[in-house]
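# Breakdown of the fold
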Amino acid sequence: MDIQFTEEQELLRSSVQRLLRDQYDFEARRKIAASEEGFSRKHWDAFAELGLLAAPFSEGAGGLGGGPLSTMIVMHEFGRHLVVEPFVETVVLAGGLIEHVGTPEQQQSFIPEIIDGSKIWTLAWTERASRFDLANVTTRARREGSDYVLTGAKTMVIAAPWADCLIVSARTSGGNTDRGGVSLFVVDRRAAGIDLQGFKTIDGRRAAEVSLRDVRGQLLGAEGEGVAALEACRDRAIGALCAEAVGAIGELNSATLEYSKTRKQFGTTIGSFQVLQHRMVDMFIAHQEALSLMQHLSLSLSGGDAGLSRLASGAKSKIGYAGKFVADQAVQLHGGMGMTDELNVGHYFKRLSSINIQFGDPAFHVLRYAQLVTAA
Amino acid sequence: MELKLSPEDAAFRDEVRTFIAENYPPEMRVPNPETDLTKEQSLLWHRILHKKGWIAPLWPKEYGGPGWSVTQRFIFEQETSRAGTLPPLAFSVTMVGPVIYTFGNEAQKKKFLPRILSGEDWWCQGYSEPGSGSDLATVRTKAVRDGDHYVVNGHKTWTTLAQHADWIFCLVRTDTNAKPQSGISFLLIDMKSPGVTVRPIITIDGSHEVNDVFLENVRVPVENLVGEENKGWTYAKFLLGNERTSMAGIGRSTRYINKLKQIVRAEIPADDPAHLEFLRDIARIELDVLALEATELRVVAQMARGIDPGPAASLFKIRGTEIFQDITELTHRAIGNYGLAIREHPVSANRFMPGPDYGHTASEKYLNARKLSIYGGSNEIQRNIIAKAVLGL
């Protein structure tokens, strides 16, 4: 099993690579992350122009029909360049939900504005007590005429300060942790009753605490069926995050290998020390395994395979541990330099740490993997 | 775990405990004392200990030490660390002080020791250079004799809290023809000297602890040379021995484990399968701490009988730092989604931070703790030391 890219996929990959190589080196990325807004509209527009924001959507929805494999290709390159723009949030999370559970009207109304880069979206599912449980929802929605009205609080919503629209999970019935009774709503981020408190994340992005008081929302998908929709959404997100992680792991390994060949201590390059050679071999193996699982998962996502969700959790866990191992060792082998804000290594470390939190940490997912196997 | 204490030592322990409880400055109890205190604030406890005569447990009585036994010193270390007090600046009291009273001349002792004890002088360490990390003997900073001065040129790095420092003790090369270890001297340099520039290095946790220190044609009076010219390596090794003794960090680890337990209790419901996993992970770390503490107590008992602990310090450094990294990592995991947030520096700006108070420093501690296995001689180097000095490989 090794993915042979089609001509179109190869074209997508080389065009993303070219764009990022020309416009998204580490210094450019640092400036973007440190800017007032914290991301670059200019680059977002360039992504749109290149068709990246259209790539995964079906042709029927106005996309290029590239599916999860195109997401994998884009995110792998984004991982290599530590791209901060909200591709996962807008295209994979929100776009995916709209495409999969939205009405034809909603798809026609929302997806074109995602594809052309004019609207940024994000998903607000986490709450104070939810941890990684998609069904743990206390935000409430009640029907009012043809609309719904939402009240509650969402926490740690990545990209919310940048977003034009949010998809918010809220409870339309049932108790706080019931699987049934959770619904999804499209909410205008500037709607009356929404309050955002923004802050920076460890990986140089922006997030916000979002409070909602009687905020109007439009139902997305079937009422009460939100958890199933979110689970499928999480599987797709895991596919994207794993590809991003593998991109970052590959960069860390190259940087560490290069450093070990040039850094001299005790009269020789540190790469000549056997203990470090073995360490780097283990980092190489971790990368190979992660890369393989990334491809395996992306193919399963494309095929909609049975057991997909279990595989997603397995990959999130295994690639998560691989990322942690490689990031730890990359910092360690770079010595003090690895600790600095100046060098990119620490930034890959932080991005991999963040990926390991988003949608559940490796320990959460290995447990979920075990439980789903048992259930099968 | 406790040492079996004699009645006198038990009384001493109670005295220390009470003194801390009654005198530790409340304004030093901030979320992260290592990054959140001003220079003045971080010196408050130093001054209190100085007044009490307890600032320099290691020092002989004639230079201002309290004259404690090995056991008493250990008790003091244990109590202050358990109570979460910010240790007095190690570079001054633990590092350069002993070098000066052991190898310095009378004039140097008279000039520097009292000001170290009182906290009047803040010292930083000029050891590492961009090309000399774990391999210190390759220092390239040069000191060339010019009349009754040395002219110093070079670049020191990873200099902790140099932004506050009045003095820097430096390893400098005074003989470029000798073998690396033989051409090094130990020089004391006034940070206010013309030609000294400090440049901040911001680390991945966003804090400013370390710096580059550039030395350009800095004129240093010859009287600031410690001991003999070209014998600096001996003094440096003596100092590094002191640096590595207190790295087991049992008190600190124990405090952070207790905090971690609180977080797990508050964040993860008992019926969540993750709860049991956390309990198991915490128990494993507690056993690591227990084993290291038992080892430390064994070594302390041996030292009290006059047995040289040898490279035991390397063992403490390796395990102490690994354990603390494990704790910070587990704490970062325990706060779940809030691990994505991090406080911005300077923290005095009071920017918004989401989530419960007890989680606010988890990310920065997790990131900052990566340095522990790198600094003070990387853990790889410590393993080499044990391989060579203990196992004879």
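Whatever comes next refers back to the structure up there.
Report follows, based on the coordinates.

How each quantity is defined
Residues numbered from 1 in each chain as written. Chains lettered and ligands numbered in written order. Predicted model: local features only at pLDDT ≥ 70, side-chain atom pairs only at ≥ 80, totals over all residues. Helix = DSSP H or I, 4+ residues; strand = E, 2+ residues; numbered from the N terminus. Rg over C-alpha atoms; globule rule 2.2 N^0.38 Å. Buried ≥ 20, exposed ≤ 12 C-beta atoms within 10 Å, placed from the backbone. Contact = placed C-beta atoms within 7 Å. Nonpolar A, V, L, I, M, F, W, Y, C, P; charged D, E, K, R; others polar. Expected span 1.5 Å × (residues − 1). Axes fitted to C-alpha atoms, helices over the stretch in contact; angles between N-to-C directions. Parallel < 35°, antiparallel > 145°, perpendicular 65-115°, else oblique. Left-handed = near helix turned anticlockwise from the far one by under 90°. Core = buried A, V, L, I, M, F, W, Y, C linked by C-beta atoms within 7 Å.

On to the overall build of chain A. Helix and strand counts for chain A stand at eleven helices and nine strands. Its C-alpha atoms give chain A a radius of gyration of 21 Å, near enough to 21 Å, the size a compact globule of 376 residues would have. A buried classification covers 56% of the 376 residues belonging to chain A. A separation of at least 24 residues holds for 74% of the contacts in chain A among residues at least 6 apart in sequence.

When its secondary structure is counted, chain B shows 13 helices and eight strands. The C-alpha radius of gyration of chain B comes to 22 Å, within 12% of the 21 Å expected for a compact globule of 393 residues. Seen through its principal axes, chain B has C-alpha atoms that stretch 75 × 50 × 50 Å. A burial count over chain B gives 44% of its 393 residues as buried. Sequence separation of 24 or more characterises 72% of the internal contacts of chain B that already satisfy a separation of 6 or more.

The subject of this paragraph is the interface of chain B and chain A. Taken together, the contact pairs 31 residues of chain B with 31 residues of chain A. The leading source of residues in the side of chain B that touches chain A is helix α10 (residues 273-304) of chain B, at three residues. Its residues placed into classes, the side of chain B that touches chain A shows 14 nonpolar, nine polar and eight charged.

Residues and elements named next belong to chain A. For helix α8 (residues 274-303), which comprises 30 residues, the first-to-last C-alpha distance of 43 Å matches the rise-based estimate of 44 Å (1.5 Å per residue) to within 8%. Where α8 is concerned, the buried positions are M283, A286, H287, A290, L291, L293, M294, L297, S298, S300 and L301. Looking at the packing, one finds that the buried side of α8 touches α4 (67-81), α7 (226-262) and α9 (308-334). Looking one or two places after α8, you find G304, whose phi comes out positive at around 60°.

On to the environment of N224 of chain B. All names here are of chain B. The residue N224 is located in the loop between β7 (210-221) and β8 (225-226) in this model. Since 20 C-beta atoms lie within 10 Å of it, N224 is described here as buried. Each C-alpha atom of the pair N224 and A107 lies 9.8 Å from the other, and the pair is 117 residues apart in sequence.

Bringing the packing of helix α9 (residues 250-267) of chain B against α10 of chain B into the picture now. All names here are of chain B. Interhelical geometry of α9 versus α10 gives an angle of 165° and a closest axis separation of 11 Å. The angle between α9 and α10 places the two elements in the roughly antiparallel class. Classified by chirality, the crossing of α10 by α9 is left-handed. Contacts between α9 and α10 involve I250, S253, T254, I257, L260, K261 and V264 on the former and, on the latter, F278, I282, I285, E286, V289, L292, E293 and E296. Of the residues in the contact of α9 with α10, the class split is nine nonpolar, two polar and four charged.

Once that is clear, we can look at the environment of A240 of chain A. Residues and elements named next belong to chain A. By the element assignment, A240 lies in helix α7. When the 27 C-beta atoms within 10 Å are taken as the criterion, A240 is described as buried. With 134 residues separating them in the primary sequence, A240 and Q106 have C-alpha atoms 24 Å apart.

Time to look at the nonpolar core. In this structure, L97, I167, F185, C242, A245, A290 and M294 of chain A are the most contacted members of the largest nonpolar core, which totals 155 residues. No other element matches the 16 residues that α7 of chain A contributes to this core. The residues contacting I167 of chain A, other than those within four sequence positions of it, are A94, L97, W121, L123, A124, L184, F185, V186 and L220 of chain A. Core analysis: the next-biggest nonpolar cluster, separate from the first, contains 50 residues, W59, L117, I184 and V226 of chain B among them.

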